[in-house]
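# Breakdown of the fold
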Amino acid sequence: MTPIDLIAKSIQRERAKASMSLSALAKEAGLAKSTLSQLEAGQGNPSVETLWAIANALNVPFSFLFETASPDKTLIRSGEGEPVSSESASFCATLLSNCPPGRRRDLYRTNLSGGSIRKAEAHPAGTVEHVFVAQGRVRVGPLNELETLDAGDYYRFPGDVAHSYEALTDKATVLLVMESVM
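Source: prediction; values computed, not measured.

Calculation criteria
- Residues numbered from 1 in each chain as written.
- Predicted model: local features only at pLDDT ≥ 70, side-chain atom pairs only at ≥ 80, totals over all residues.
- Heavy atoms only, no water.
- Pairing = 2+ DSSP bridges.
- Helix = DSSP H or I, 4+ residues; strand = E, 2+ residues; numbered from the N terminus.
- Axes fitted to C-alpha atoms, helices over the stretch in contact; angles between N-to-C directions.
- Buried < 20%, exposed > 50% of the residue type's maximum accessible area, 1.4 Å probe, protein only.

Read across the open sheet, the five strands follow the order 1-9-6-11-4; overall the sheet is antiparallel. Each of the sheet's edge strands pairs with one partner strand only, and the pair in question is strand 1 (74-76) and strand 4 (103-113). When the angles between neighbouring strand axes are averaged without regard to direction, this sheet yields 20°. Where strand 4 and strand 11 (residues 171-181) come together, eleven bridges link them in antiparallel fashion. Across the sheet, the residue bridging to Thr-110 is Val-174, located in strand 11.

The structure is reproduced here in structure tokens:
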């Protein structure tokens, strides 16, 4: 499924949940009905501003417009993913992961030094770890599915299995998000 197909299905889904007509959503979002109709048909290239206007009009988080069932693991290399650009500024956002309902996310900046491996036992059932490498190079993930990540790479994996973190450079900085069931 292409990103525009995902956005189209999400807009249709959220509009149906809100019991809004195409005309009502277009008016509330400040968009032409034809623009919204094209987006729901999977055509066009919406800007960040357009998608924010739609999300606000539907009273849902921005990430809902990209929502799909989450796989167990997701690996996004630096420069990959589907960016959404601004019309009015040099600003571009790539959604790496949205938070499913009934979950909690805690955010950590993690500093690692080369030469040591942090082995972690399995966390409670349903725990998911999100790793974004800000600096350096690391090897991380479930023990049988370790991935080597460079700065800018993202990896989502089950945290309810034994896993490890290892800096492959002298120093590495990782943004770690621990997601757990509430």
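So, about the sheet that holds strand 7 (residues 137-142). Taken together, four strands build an open sheet; the order of strands is 5-10-7-8 and the sheet is antiparallel. Strands with a single pairing partner mark the edges of an open sheet, and in this sheet they are strand 5 (117-120) and strand 8 (147-150). Between one strand axis and the next, the sheet turns by 20° as a mean value, whatever way the strands run. Where strand 7 meets strand 10 (residues 163-167), five bridges bridge the pair, whose relative direction is antiparallel. From the neighbouring strand, Arg-139 faces strand 10, where its bridge partner is Glu-166.

Turning next to unusual backbone geometry. Backbone geometry places Ser-19, a non-glycine residue, at a positive phi of 55°. Looking at the element boundaries, Ser-19 is found in the loop between helix 1 (3-17) and helix 2 (22-29). A positive phi angle, near 60°, is found at Asn-59, a position not held by glycine. Tracing the backbone through its elements, the reader meets Asn-59 in the loop between helix 4 (48-58) and strand 1. On the basis of relative accessibility, which here comes to 69%, the residue Asn-59 falls in the exposed class.

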